[in-house]
Amino acid sequence: MDMATDLVVRGGTVVDGSGTRRADVLVRGGRIVAVEEGIAVGGALGADVVDAGGAYVVPGGIDVHTHFALPVGAVTSADDFESGTLAAACGGTTCVIDFAGAGREPWQEALATWHDRARGRALVDYGLHLTVTEMPLDPDGAAQRFAAFVEHGVTSVKLYLAYPDRLMVDDDTLGRALAASRRTGVRVCVHAEDGATVETLVAEAVAAGRTGPDAVPSVRPPSVEAEAVRRAAGLAGAAGAWLYVVHLSSRAGLQAVLAARASGVDIHTETCPHYLHLEQSHLEAGAPDFVCAPPLRQASDRAALWRALDAGDVEVVSTDHCPFTTQDRRRGTGGTGWTDFRQIPGGLSGVETRLSLVYQGVLDRRLSLERWVDATSGSPARLFGLDGVKGAVRPGLDADLVVFDPGATRRLDAANLHSRCDHSPYAGLEVTGWPAVTISRGDVVAVGGEPADPRPGRGRFVRRTPLRP
Ligand code: MN
C-alpha cells in the first residue's frame, strides 16, 4: 500500500457534526491533520491542492446497507465489490458496510466468502455485518458467538422477521440474539416485516390471480412493518438491548418506532433514498424493476419519512443497494422466467446516488445541511462502531472527504452511473448537487463523478468497535 501524498483541500465550507464553517483541510499519510482557515499559506508547501471554492467539504459518505454479489436463487445482484465500491466513490461514498451471508450457511463460511469477494476488488473501505439465522440455545454460547464476531471486527448483525423459506427467525431466536447483544455490544438490526402475515397475503393474492408487480404493495402493507417493529421492540425492551430497524419504509412503521422509543427502548432506524423519492405507482403500473422489500409506498409515507429525517427521528439514510439486471429480473430467482411476483428478484440501485438524492431534501428545504451530512455519514459512523475513525472532518480521522459541488447537475440514467445494472430507478430525474472530488484516506478516487486512477483493491476492511454494554 503506497503512502498517499499530502493534500490540502482549500477554500471550502466544511460541514459535519461540529457545524458549518469556512476551513481548509490538511491531509497527511491518509489522515486529516488540521482543519482551520488559512492552511494553504501555512505549512502545506509541496502538498497537492484540491480547490473547494464554492463547494461543501463533507465527510465521505458511509452506506451501512449494501448487498454486493448477493446470490438470490439462480441470479446474483448486479454489482460486486469492484463495481459497487467504484459506483460508491463516484457518488461520494467512501465506506460501505455489506451484509455477509446468503442464507443459512455457518457464519465462518459467510465471513470467509465475503472477505474473498472484497479483497483485491474494493476501491474504498468496507466493513461487514453478519446475517444471523440461528442462535445457540445456551446464553453463554450465544454470547461467545457474538464475542467471536467482535474479534473479527464485525460488530453488527441482521435478523430477518420475513422470508420464512430462507432467512426468517422466530421470536425466541431474536430474543437470544438481543440478550447476546446486551452482553457483547454487537448491534442487532432487524428486517421488520411480519413474515407470517406476508405469507398469508401472498397466498391470497396468488389464489385470486393477482400475480404481477402491482400486487406487491398490498401483500407487504405498512401494517406488517409496524407489527414487526412492535414485536422486535418489545423483545429489545425486555432484554434491555439496542435495536436498529433497517430500511424503514412507512408512516405506520415510523409510528411504531417512535412509540417504542417513547416507552424507553433504545431503538434507531434508517430509511433509504427510494422510500424518500419513489412511490408505489411504479409497481401499480406493473414495472418489475421497482420490486423491493419493503415495497415503495405512498406520498404520505414519503412526507412522514422526510419530516422524521429532518427531526432526527430517523437518523440514517442507507441504500439497501441490491439491483438486478433486466435480464436477471426476467429470468427470475428460478432462472427460467417468473410467473408471479414471488420469483422477481427484489432490490434497487442506490449506492452512487444516495448523497445527492438526500441533498435534494436540502434544496427543497425539507432538511438542514447538517442533517444531510449526519444522516449520510455522522450517524452511520456513530451507530456502527466507526466513531473516531470516519464520519467527521476532524484531525486524527481517516481523510475520507467529499468536495460536494452544490451547482453540479446530473441526470440519473444508468448510462451516467457506474453500477453494472442496466437500469436506474431514477431514470429521467435530474439532480442538482454532485461530488466534484471524492477522497479516500487521502487518495483522490473520483473527480466530477467519474473514477480517477481506479485501483481496485486499495480499499481496506475496517474493523469496527462494539457498543459499550
Ligand atoms: Mn437489505
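Residues numbered from 1 in each chain as written. Predicted model: local features only at pLDDT ≥ 70, side-chain atom pairs only at ≥ 80, totals over all residues. Heavy atoms only, no water.

Draft legend 1. Spotlight on the coordination of the manganese ion. Every protein donor of the manganese ion is listed here as H65 (NE2), H67 (NE2) and D320 (OD), and their distances to the metal cover 2.1 to 2.2 Å. In the primary sequence, the donor residues of the manganese ion line up as H-x1-H-x252-D. Of this pair, H67 sits in the loop between strand 6 (61-66) and strand 7 (71-72) while D320 sits in the loop between strand 15 (316-317) and helix 12 (326-331), and the two are 253 residues apart along the sequence. In this structure, H67 and D320 share a single accessibility class: buried. (Donors = N, O, S within 2.8 Å, 3.2 Å for Na, K, Ca; no water. Helix = DSSP H or I, 4+ residues; strand = E, 2+ residues; numbered from the N terminus. Buried < 20%, exposed > 50% of the residue type's maximum accessible area, 1.4 Å probe, protein only.)

Draft legend 2. Spatial organisation of the nonpolar core. Within the largest apolar cluster, 103 residues are counted, with the highest numbers of intra-cluster contacts made by F146, V188, L243 and W372. Once residues lying within four places of it in the same chain are set aside, the contact partners of W372 are V58, L355, V358, Y359, V362, L367 and F404. Core analysis: the next-biggest nonpolar cluster, separate from the first, contains 18 residues, V35, A52, V393 and V437 among them. (Core = buried A, V, L, I, M, F, W, Y, C linked by side-chain atoms within 4.5 Å. Contact = heavy atoms within 4.5 Å.)

Draft legend 3. Molecular detail of the pattern of salt bridges. One pass over the structure, following the stated rule, counts 28 salt bridges. A salt bridge links R31 to D398; its shortest N-O distance comes to 3.8 Å. Remark: D398 occurs in the loop between helix 14 (369-383) and strand 16 (401-411) and R31 occurs in strand 3 (residues 31-36); sequence separation between them is 367 residues. Here R31 falls in the partly exposed class, since its relative accessible area comes to 45%. (Salt bridge = Lys/Arg side-chain N within 4 Å of Asp/Glu carboxyl O.)

Draft legend 4. How the structure looks around helix 14. Helix length check: helix 14 (15 residues) gives 20 Å between terminal C-alpha atoms against 21 Å at 1.5 Å per residue, within 8%. Where helix 14 bends most, the angle comes to about 55°, and this point is A375. Along helix 14, 13 of the 15 residues are buried, which leaves the element largely enclosed by surrounding structure. Downstream of helix 14 by a residue or two, G385 has a phi angle that is positive, lying close to 75°. (Expected span 1.5 Å × (residues − 1). Bend = angle between axes of the 7 residues up to and from the residue.)

Draft legend 5. How the structure looks around helix 5 (residues 195-207). Here helix 5 spans 18 Å end to end across 13 residues, near enough to the 18 Å set by a 1.5 Å rise per residue. Residues of helix 5 that are buried include every one of G195, V198, V202 and A205, and no others. Buried positions in helix 5, seen along its axis, are confined to an arc of 85° and lie on one side of it. Across helix 5 from its buried face, at more than 90 degrees, point the exposed residues E204 and A207. Backbone geometry just after helix 5 places G209 at a positive phi near 80°. (Arc of directions from axis to C-beta.)

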